[in-house]
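The primary structure of each chain is shown beneath.
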Amino acid sequence: MVRNKPSAIEVVNNWQKINPDYRYSENHLYDGLARSLLFDKLHTGESYNVVFAKRGASDRSAALKTALENARTKYCTTHGISACPPPVVVSAASSMVNSGLQAADYFLWALQMFYERGEDRFISMLWPKVECVRDLDDQRDGDGGVHYTQKRPLNAASYSRNAEDMGSSE
């Protein structure tokens, strides 16, 4: 999931118009992106062990587990899946001690180089290992954003935003 910072600010401003008491929390944005990312992925396996990178001093494993379980329940309900979903274990770890998180960090760094600097050579090298990058703020394909896949790779030629937008994405 990729979110453009100015667009994220616009979303927060819209939430504040609906509910004037709403106060922005980076956890709210992060949890929402995690829910969207794993929305349709947590209902078929025997069990799941989801490891998030530690962010700050507090342990947010319980909050992230709740967010993922809510997303899974919503998915199962909307798709008529009545079987009891498999358990989800959520933990937080430092990328220094988790090789999976180290790999994810490298992929995210390659995305950051593309979105902030327009440099696509790193993401191009990694692209054969990418299933999908969903740019939530690129609305060419509708409200769900653009899905970049093996058939539609993310590169300078396929990207629609102009150069002034580069440098403001996360």
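Source: prediction; values computed, not measured.

Some points on the overall build of the protein
Stage number 1. Per the secondary structure count, the protein includes five helices and four strands.
Stage number 2. Each helix (α) and strand (β) of the protein, taken in turn from the N terminus, gives the series α-α-β-α-β-α-α-β-β.
Stage number 3. Within the protein, the fraction of its 170 residues that count as buried is 31%.
Stage number 4. Sequence separation of 24 or more characterises 56% of the internal contacts of the protein that already satisfy a separation of 6 or more.
Stage number 5. Counting only carbon and sulfur atoms, one obtains 53% of the accessible surface of the protein, whose full area is about 10,600 Å².

Comments concerning a nonpolar patch on the surface
Stage number 1. On the surface, Tyr106, Trp109 and Met125 cluster together into a nonpolar patch covering about 330 Å² of accessible area.
Stage number 2. With respect to the helices and strands, the residue Trp109 is situated in helix α4 (residues 99–117).

Comments concerning the pairing of strand β1 (residues 48–53)
Stage number 1. Side chains Tyr48, Val50 and Phe52 of β1 all project onto a buried face; the interleaved residues Asn49, Val51 and Ala53 project onto a face where none is buried.
Stage number 2. Pairing analysis gives six bridges linking β1 to strand β2 (residues 88–93), with the strands arranged parallel. Looking at the pairing, Tyr48 lines up with Val88 of β2.
Stage number 3. The β-α-β motif built from β1, the intervening helix α3 (residues 61–78) and the parallel element β2 has right-handed crossover chirality.

Quick notes on the nonpolar core
Stage number 1. Judged by nonpolar contacts, the single largest core of 16 residues is most densely connected at Tyr115, Trp127, Val133, Tyr148 and Leu154.
Stage number 2. Of all the secondary structure elements, the ones that give two or more residues to this core are α4, α5 (121–126) and β4 (146–148).
Stage number 3. Sort the elements by how many residues they give to this core and α4 lands first, with five residues.
Stage number 4. Ala34, Leu42, Tyr48 and Phe52 belong to the second largest nonpolar core, which has 10 residues in total.

Looking at α3
An α-helical segment advances 3.6 residues per turn. Residues three or four places apart therefore align on the same side.
Stage number 1. In this model, α3 (18 residues) spans 26 Å end to end at C-alpha, consistent with the 26 Å of a helix rising 1.5 Å per residue.
Stage number 2. Among the residues making up α3, those that are buried are Ser61, Leu64, Ala67, Leu68, Ala71, Arg72, Tyr75 and Cys76. One face of α3 carries all of its buried residues, which in axial projection span an arc of 165°. Residues of α3 that are exposed and point more than 90 degrees away from the buried face comprise Ala62, Lys74, Thr77 and Thr78.
Stage number 3. Its buried side turned inward, α3 meets α2 (26–38), β1 and β2.
Stage number 4. Remark: Gly80 follows α3 within two positions and exhibits a positive phi of approximately 65°.

A short note on the packing of aromatic side chains
Within a pair of aromatic rings, the relevant descriptors are the distance that separates the centres and the angle that separates the planes.
Stage number 1. Summed over all chains, the structure comprises eight aromatic pairs.
Stage number 2. On the numbers, 5.2 Å between centres and 85° between planes, the contact of Phe39 with Tyr75 is edge-to-face. Residue Phe39 is located in the loop between α2 and β1, and its partner Tyr75 is located in helix α3; the two are separated by 36 residues in the primary sequence.
Stage number 3. By relative accessible area, Phe39 is classed as partly exposed at 27%.

Calculation criteria
Residues numbered from 1 in each chain as written. Predicted model: local features only at pLDDT ≥ 70, side-chain atom pairs only at ≥ 80, totals over all residues. Heavy atoms only, no water. Helix = DSSP H or I, 4+ residues; strand = E, 2+ residues; numbered from the N terminus. Buried < 20%, exposed > 50% of the residue type's maximum accessible area, 1.4 Å probe, protein only. Contact = heavy atoms within 4.5 Å. Areas by Shrake-Rupley, 256 points an atom, 1.4 Å probe, with all protein chains shown as cover. Patch = residues over 30% accessible without salt bridge, like charges linked within 9 Å, V, L, I, M, F, W, Y side chains within 5 Å. Salt bridge = Lys/Arg side-chain N within 4 Å of Asp/Glu carboxyl O. Pairing = 2+ DSSP bridges. Right-handed = clockwise from strand over helix to strand, strands pointing away. Core = buried A, V, L, I, M, F, W, Y, C linked by side-chain atoms within 4.5 Å. Expected span 1.5 Å × (residues − 1). Arc of directions from axis to C-beta. Phe/Tyr/Trp six-rings, centres within 6.5 Å; stacked < 30°, edge-to-face > 60°.

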